[in-house]
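One-letter residues, chain by chain:
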Amino acid sequence: MIIQILVWVQENSDLSKLSNPLLEQKSRIFQQTLKQGLMVDKILKTNLVPTVDMGIFRVKVEAVQKYLLLKQQNLLQKYEEIYIQIFRQNASQLKVWLQQSTKSLSGMVIKIEEFIEQKNSVDRITRELPGKREEIEIMVQLLQLMQEEGLNSVKKEDKDLSQELNFHEGSLNVALSEADNNTAKNIERFKKTLKERIDKLKAESVDISESAQKEKFLLLQTPIQDAINELSELDVKLKAMENLAAKYTEYEEILQCQEQASYDLLENTREQINSEIRYVGRYLQEFKQLSLEWTQLPFNKIQAKEMAQKTEGYMRIVSRCEKNLNDNKVVQYLKKIVWEFKDTIPVVTALKILIFNSHSLG
């Protein structure tokens, strides 16, 4: 029965699970798996009876013992290879994380951007550190287990790496403490800096809002391309200001400001510029070109249905423009020529039907 169990264990050991990062209770599993393997190895070497009675037969165990012992030793060799690989890979990654985290907390903090970056690092490290400490402890225990059981794969470099983990963890703890002190000491100063920047951005918001509402954008006499170019420049400036507003909002959250600034004027200006102002000129030019092409077509090649569908599309555009730009003279002119052209379509359609019927009767 014992032999059957040993054979089943040897044949069904899934060693890949030992390397699974989601494996729970790693220290206990690493220890029990290795100790169980060593115990089986010891049993196979010393404690098996020389013969087994099976009914009327007496079977010598020696051949089976040698077979099982060889398989068990191969299994132990795989354990050793996997354990040392797990230690080296994870310990190296932990060392890099500790070094990079410590570096992210070092250096002078003068500008608010530097302070925010460091504060983000502190928050990230604070979240991740408990899990990393647990992983470090598991790796240190794994190396100790391999040393206690006399596994030959453990080298001096592995022992040094284990000590480096403890050293870098201590360095990170010191850097984290200093960064926390720096945050507490300077946070009010940077809150004041942020408020000054927000006030400056709001003042600039007034300027760009006034620029977007200039009367010349409502006049038909203004060259369309000039209006489009100027509004495009305003759009670029507005995007930069919107990005600043988003960044400052993020800063307020990080600095835990009691009240967050609102940027209603920027939002209103965005609605103004995003309205159909910058596209009215394009619609006007497009429709003029399209109507010119239609009027120059030979009568028998005019597609009245297609003309009606496209004209309806421009009618919807005009309705949308009127909603956003009630007093815009360019919009009113676009509406005039679209509606005039719309009124000609039934006449064209009726004439084509009349000509078709005449040809059919003829």
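Draft legend 1. Spotlight on the overall build of the protein chain. What the protein chain contains, in helices and strands, is 10 helices and 2 strands. Walking the protein chain from its N terminus toward its C terminus, one meets helices and strands in the order α-α-β-β-α-α-α-α-α-α-α-α. Within the protein chain, the fraction of its 362 residues that count as buried is 35%. Put simply, 78% of the contacts in the protein chain that link residues at least 6 apart link residues at least 24 apart. Just so you have it, the protein chain exposes about 22900 Å², and 53% of that area is on carbon and sulfur atoms.

Draft legend 2. The arrangement of the packing of aromatic side chains in detail. Under the definition given, this model contains 2 aromatic pairs. Taking the centre distance of 4.6 Å and the plane angle of 25 degrees together, the rings of Phe115 and Phe190 count as stacked. Within this pair, whereas Phe115 is found in helix H4 (residues 112-148), its partner Phe190 is found in helix H5 (residues 156-212), the two being separated by 75 residues in sequence. An identical accessibility class is assigned to Phe115 and Phe190; each is buried. Ring plane angle 45 degrees and centroid distance 6.3 Å describe the contact between Tyr248 and Tyr251, whose orientation is recorded as tilted. Here Tyr248 pairs with Tyr251, and both are found in helix H6 (residues 224-254), just 3 residues apart, close to one helical turn. A single burial state applies to Tyr248 and to Tyr251, both of which are buried.

Draft legend 3. Here's a closer look at H4. If you check H4, its first and last C-alpha atoms are 51 Å apart, about what 37 residues at 1.5 Å a residue would give, namely 54 Å. Maximum bend of H4: about 45 degrees, positioned at Leu129, with proline Pro130 one to four residues after it. Within two residues after H4, Gly150 carries a phi angle of roughly 70 degrees, on the positive side.

Draft legend 4. View of the packing of H4 against H5. At their nearest, the axes of H4 and H5 sit 8 Å apart, and the two run at 165 degrees to each other. Between H4 and H5, the angle is such that the two are roughly antiparallel. You can see that H4 and H5 cross each other, and the crossing is left-handed.

Draft legend 5. Quick look at the environment of Glu137. By the element assignment, Glu137 lies in helix H4. A relative accessible area of 48% means that Glu137 is categorised as partly exposed. With 25 residues separating them along the chain, Glu137 and Ser162 place their C-alpha atoms 9.7 Å apart.

Draft legend 6. Highlighting the pattern of salt bridges. Inspection of every chain in the model, using the stated rule, returns 12 salt bridges. Put simply, Arg197 and Glu113 hold a salt bridge, and the shortest N to O gap is 2.5 Å. Taken together, the residues Arg197 in helix H5 and Glu113 in helix H4 connect sequence positions 84 residues apart. Note on Glu113: relative accessible area 27%, which makes it partly exposed.

Draft legend 7. Quick look at the nonpolar core. In terms of nonpolar packing, the biggest core is built from 34 residues, with Tyr83, Phe87, Leu105, Leu142 and Met146 touching the most fellow members. Within the residue set of this core, elements represented by two or more residues are helix H2 (26-46), helix H3 (62-104), H4 and H5. The dominant element in this core, judged by the number of residues it contributes, is H3, at 12 residues. Apart from the residues lying within four places of it in its own chain, the contact partners of Leu142 are Phe30, Tyr83, Ile86 and Phe87. Listed in part, the 23 residues of the second largest apolar core include Phe115, Ile187, Tyr263 and Ile273.

Draft legend 8. Region of interest: unusual backbone geometry. Positive phi is not limited to glycine here, since Gln256 has a value of about 60 degrees. Considering the arrangement of structural elements, one finds Gln256 in the loop between H6 and helix H7 (264-274).

Draft legend 9. Focus on the side chain of Glu252. As for its position among the elements, Glu252 is in helix H6. Among buried Asp, Glu, Lys and Arg side chains, Glu252 stands out as unpaired, with Lys202 the closest opposite charge at 7.5 Å. The contact partners of Glu252, leaving out residues within four places of it in the chain, are Leu194, Ile198, Cys257, Glu259, Gln260 and Ala261.

Draft legend 10. Spotlight on the side chain of Ser121. In this structure, Ser121 sits in helix H4. Relative accessible area serves as the criterion here: at 9%, Ser121 is assigned to the buried category. Those residues within four positions of Ser121 in sequence are excluded, and the remaining contacts are Ser104 and Leu105.

Cut-offs and rules
- Each chain carries its own residue numbering, running from 1 in the direction its sequence is written.
- Per-residue local features are limited, in this predicted model, to residues with pLDDT of at least 70; the limit for side-chain atom pairs, both in listing and counting, is 80 or more; totals at the level of whole chains, interfaces and linings are taken over all residues.
- Calculation of side-chain values draws on the structure's entire complement of heavy atoms; hydrogens and water are dropped beforehand.
- Each helix is a run of H or I in the DSSP string that is no shorter than four residues. Each strand is a run of E no shorter than two, and both are numbered from the N terminus.
- When a residue's accessible area, from a 1.4 Å probe over protein chains only, is under 20% of the maximum for its type it is buried; when over 50% it is exposed; and in between it is partly exposed.
- Whether two residues are in contact is decided by their heavy atoms, any of which lying within 4.5 Å being enough.
- Here, Shrake-Rupley sampling with a 1.4 Å probe gives the accessible areas, and only protein chains in the shown set may cover a residue.
- Any two rings among Phe, Tyr and Trp, with Trp reduced to its six-membered ring, count as a pair given centres within 6.5 Å; such a pair is stacked if its planes are under 30 degrees apart, edge-to-face if over 60, and tilted if neither.
- What a helix should span is 1.5 Å times the count of its residues minus one.
- Bend at a residue means the angle formed by two fitted axes: the first through the 7 residues ending at that position, the second through the 7 residues beginning there.
- Note on geometry: axes are lines fitted to C-alpha atoms, helical ones only across the stretch in contact, with angles between N-to-C directions running from 0 to 180 degrees.
- Note on terminology: angles under 35 degrees are roughly parallel, angles over 145 are roughly antiparallel, angles of 65 to 115 are roughly perpendicular, and the others are oblique.
- Here a crossing is taken to be left-handed if its near helix is turned anticlockwise relative to the far helix by less than a right angle, and right-handed if that turn runs clockwise.
- A pair is scored as a salt bridge if a Lys or Arg side-chain nitrogen falls within 4 Å of a carboxyl oxygen belonging to Asp or Glu.
- For our purposes a nonpolar core is just a set of buried Ala, Val, Leu, Ile, Met, Phe, Trp, Tyr and Cys residues, chained together by side-chain atoms within 4.5 Å.
- The charged-residue count follows a simple rule in which Lys and Arg add positive charge and Asp and Glu add negative charge, with His and chain termini not counted at all.

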